[in-house]
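# Structural overview for review
In case you want the letters, here they are:
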Number of protein chains: 4
Amino acid sequence: MQKGRLEAFSDGVLAIILTIMVLELKVPHGADFAALKPLLPVFLSYVLSFVYVGIYWNNHHHLLSSARQINGSVLWPNLHLLFWLSLVPVSTGWMGENHFASATLAVYGGILLASAVAYSILQNRLIALNGGPDSPLAHAVGRDWKGKLSPVLYLVGIVSSFGLPWLAGAVYVGVALMWLVPDRRIERTLQASSES
Amino acid sequence: MQKGRLEAFSDGVLAIILTIMVLELKVPHGADFAALKPLLPVFLSYVLSFVYVGIYWNNHHHLLSSARQINGSVLWPNLHLLFWLSLVPVSTGWMGENHFASATLAVYGGILLASAVAYSILQNRLIALNGGPDSPLAHAVGRDWKGKLSPVLYLVGIVSSFGLPWLAGAVYVGVALMWLVPDRRIERTLQASSES
Amino acid sequence: MQKGRLEAFSDGVLAIILTIMVLELKVPHGADFAALKPLLPVFLSYVLSFVYVGIYWNNHHHLLSSARQINGSVLWPNLHLLFWLSLVPVSTGWMGENHFASATLAVYGGILLASAVAYSILQNRLIALNGGPDSPLAHAVGRDWKGKLSPVLYLVGIVSSFGLPWLAGAVYVGVALMWLVPDRRIERTLQASSES
Amino acid sequence: MQKGRLEAFSDGVLAIILTIMVLELKVPHGADFAALKPLLPVFLSYVLSFVYVGIYWNNHHHLLSSARQINGSVLWPNLHLLFWLSLVPVSTGWMGENHFASATLAVYGGILLASAVAYSILQNRLIALNGGPDSPLAHAVGRDWKGKLSPVLYLVGIVSSFGLPWLAGAVYVGVALMWLVPDRRIERTLQASSES
């Protein structure tokens, strides 16, 4: 019951975050296709952030459906994650409107990094609540190489924003793809190499 | 459970899309009825898009309530559909504010087309998951002549936006009516003619 | 199940309508109390509309919890009601920003009238689905004198907007109070007078 | 069932309040870090209000999950609470944009005070419905020293807004921390001193 309401509230906030992002796509001035051109960077940053919020909803969904029990100590780690994700829309708009300028890329990466850290805290809290490192939840989460690699890559993105902005953008797109693409093979390879 | 949360999240996003569209109806300047006149095209485009989002909610509702099982592979096709539908409000506002100019009609049709394709992908994914072409879900979906005709009509609308904008508008209204009007008779006629 | 999702979607839309209305209360220019004064009419119209949307949520809640079964034929009457209610925020903002000018009062009353008609259509549809005039649902709805009186009063409000705007405002406030105040005594009196 | 829908609707409104607050964080003009500086007070007031809405969601969640039964008489006290909370975003924006000026701090405190009073009314209504002062719900609520102290502190904040604005700010932050920090020890101390 309590879990159901936590999920419902998180779904509500994530659904609103996903949807208010589109408000940054302002109705263009002018009635021809040329009027759409200035929207292109805002549109591209919208697509990227839509995918990121979708990934978080997806992971949050799997994490909570694997957790057997929750209690009050989960509420604030969950709100903490939602707080950072709530900053994604304004950061996305800032980045898009300024054509992926250095400072905007760094701040965007910083919010992705903070969200990733907040997600880890929530995940650790839930694992501790559900029986610790040998629990079914911990096994469902697994080695979580994506969750460990992402913050490192965000840091690479933040640093490369100054001087190599195209690399920062490529890193953010790459991390999103890493989460999107099914990863059986990569995971098996990594596991094999760690076992050898 | 997983299905419940997918529905709840989709409901949330669709409810927000439906409601933020009304934000394009800006509070009129002036306190008399004349001040409402410039709002008329925006209002008409709002009505049309409200009906379209309502149709998608309706169909999404029926599709998911017919599906017995879902899994993680449904999440992204579902988000993909929500992505295109999230572009309906800004596209509606652009069309309304520019009095149904050619480019705005073509883009509106393009977003309807993309949404229809995304819906088909989701539907096919769900049918594959639920037993394939002989499953109860496939029978519930049926011959889906509306789902197959709509993209063709959207294409007609997009092409006719240039030169025959009134036709494009008529096509978009017509497709909406096609989904709204109960269609027992049409369906029976089509079935009869295909059987003869 | 189907009923649950209809309620959830309606709750979502009503919650968003309730909340985006507050967006019409723009952050005041100026940092002293005097800066709040121009907000007063917008605030008053916000309170009135908040109460109206609350009444609709309340009645919608009772209506659906009394209905034992619903089907696809309820979806569009429900969306039709949500459509008119979705126009409450912009109409509220127009009325508040123009200090309850005649045209704005008439339009506000018109949207209240259309919402009341839409609610009746939904209620009749549900009664027909749940066993007709002798069903438990019909008995739960009862003589519905408030539901029958409200549209008449809205019409009085609309007509009196021109010439007697204060009366229109008083009527809209009065109808809201009529729904808010518990009405055992009034109902008993009316019943008694109709039986004598 | 009825309780489930009340929770769902409240969750929806609280999720939207939480999320539209971030709309006050406007996309900065300028593409460098200096462009973020004017956002700082708005950001700080956003963090504070996010925590407050989170606290209310948290408490509302515990209160309703402890209540065994609800009825129609709870709906308006609940909407009354949501009304005052719906004013938090605009008040937050006003305070942030005017760098915590006296009048804005007083109004912010006033809305916190009204929300606290509305919460008490809802809590008392639920306790009365669930068996009164000896019911399990009343025991779950306990001595509620935080709930009794908060309105007093908000009053201190409102009064000190004029002349000692920094104290008002400190009080609002302090009350939020008081609710955030786990309070076993404080509660035990208070209980001990009241028993001696």
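Residues numbered from 1 in each chain as written. Chains lettered and ligands numbered in written order. Predicted model: local features only at pLDDT ≥ 70, side-chain atom pairs only at ≥ 80, totals over all residues. Heavy atoms only, no water.

Let me state the cut-off plainly: UniProt positions are given in the numbering used here, feature names are shortened, and annotations may be inferred rather than shown by experiment.
In the nomenclature of an unreviewed UniProt entry, chain A corresponds to TMEM175 family protein from the organism Hymenobacter bucti. As its UniProt record puts it under Sequence similarities (unreviewed entry), chain A is described as follows: "Belongs to the TMEM175 family." The Catalytic activity (unreviewed entry) field of the UniProt record for chain A holds the comment "K(+)(in) = K(+)(out)".

### Points about the interface of chain A and chain B
Note the following rule: For this analysis, residues touch if any pair of their heavy atoms sits within 4.5 Å. The term buried area means the drop in 1.4 Å probe accessible area that two parts suffer when joined, counted for both and summed. Note on definitions: salt bridges are taken to be side-chain nitrogens of Lys or Arg within 4 Å of carboxyl oxygens of Asp or Glu.
On the chain B side, the residues contacting the 34 residues of chain A number 31 residues. In this assembly, chain A packs against chain B so that about 2,800 Å² is buried in total across both faces, 78% of it on carbon and sulfur atoms. It is A:Val27, A:Trp57 and A:His61 that lose the most area in chain A upon contact with chain B, and together they represent 22% of the buried surface on that side. For the pair chain A and chain B, the number of links is two salt bridges. Its salt-bridge partner being B:Arg5, residue A:Asp11 comes within 2.7 Å of it at the nearest N-O pair.

### Focus: the relation of the copies chain C and chain B
Heads up, the condition is: For this overlay, a least-squares fit was computed on C-alpha atoms, restricted to residues scoring pLDDT of at least 70 in both copies.
The two copies are related by a screw motion: chain C maps onto chain B through a turn of 90° and a shift of 0.0 Å along the axis, at an RMSD of 0.0 Å. Between the two chains, the operation in question is that of a four-fold axis. In terms of proximity to the rotation axis, the leading residue of chain C is C:Gly12, whose C-alpha is 4.4 Å off the axis. A share of only 3% of interface residues in chain C that are also interface residues in chain B marks the association as one of differing surfaces.

### Description of the nonpolar core
The test is simple: Definition used in this section: a nonpolar core is a set of buried Ala, Val, Leu, Ile, Met, Phe, Trp, Tyr and Cys residues joined via side-chain atoms within 4.5 Å. The buried label goes to any residue with under 20% of its type's maximum accessible area, the exposed label to any with over 50%, and the partly exposed label to all in between, with areas taken from a 1.4 Å probe on protein chains only.
In terms of nonpolar packing, the biggest core is built from 269 residues, with A:Tyr172, B:Tyr172, C:Tyr172 and D:Tyr172 touching the most fellow members. Those residues in contact with D:Tyr172, other than ones at most four positions away along the chain, are D:Leu48, D:Tyr52, D:Leu105, D:Ala106, D:Tyr108, D:Gly109, D:Leu112, D:Tyr154, D:Gly157, D:Ile158 and D:Ser161.

### Focus on the environment of C:Pro136
Residues and elements named next belong to chain C. Put simply, the rule is: In this description a helix means any DSSP run of H or I spanning at least four residues, a strand means any run of E spanning at least two, and both kinds are numbered starting from the N terminus.
Mapped onto the fold, Pro136 is located in helix α6 (residues 136–141). Classification of Pro136 as exposed rests on a relative accessible area of 54%. Residues Pro136 and Asn124, twelve residues apart in the sequence, show an inter-C-alpha distance of 13 Å.

### A look at the relation of the copies chain A and chain B
After a rotation of 90° and a shift along the axis of 0.0 Å, chain A superposes on chain B with an RMSD of 0.0 Å. Of the interface residues in chain A, just 3% have counterparts in chain B that sit at the interface too, so the contact is made through distinct surfaces.

### Overview of the interface of chain C and chain B
Facing the 31 residues of chain C at the interface are 34 residues of chain B. Summed over both sides, the interface between chain C and chain B buries roughly 2,800 Å², with carbon and sulfur atoms accounting for 77% of that surface. Of all residues in chain C, C:Arg5, C:Phe9 and C:Trp76 give up the largest surface area on contact with chain B, accounting jointly for 29% of the area buried on that side. Along the contact surface separating chain C from chain B lie two salt bridges.

### Brief notes about the arrangement of the chains
Across the gap from chain A to chain C, with no contact made, the nearest C-alpha atoms are 9 Å apart. Across all C-alpha pairs, the smallest distance from chain B to chain D is 9 Å, and the two are not in contact.

### Some details on the packing of helix α2 (residues 40–66) of chain C against helix α5 (residues 102–129) of chain C
All names here are of chain C. Formally: Note on geometry: axes are C-alpha line fits, over the in-contact stretch for helices, and angles between N-to-C directions span 0 to 180 degrees. An angle counts as roughly parallel when it lies under 35 degrees, as roughly antiparallel when it exceeds 145, as roughly perpendicular when it falls between 65 and 115, and as oblique in every other case. Residues are sorted three ways: Asp, Glu, Lys and Arg are charged, Ala, Val, Leu, Ile, Met, Phe, Trp, Tyr, Cys and Pro are nonpolar, and all the rest, Gly among them, are polar.
It is at 11 Å that the axes of α2 and α5 come closest, and there the two elements cross at 5°. Considered as vectors, α2 and α5 are oriented roughly parallel to each other. Across from Leu48, Ser49, Tyr52, Tyr56, Asn59, His60, Leu63 and Leu64 in α2, the residues of α5 making contact are Tyr108, Leu112, Ser115, Ala116, Tyr119, Leu122, Gln123 and Leu126. When grouped by side-chain class, the residues that make up the contact of α2 with α5 number eleven nonpolar, five polar and no charged.

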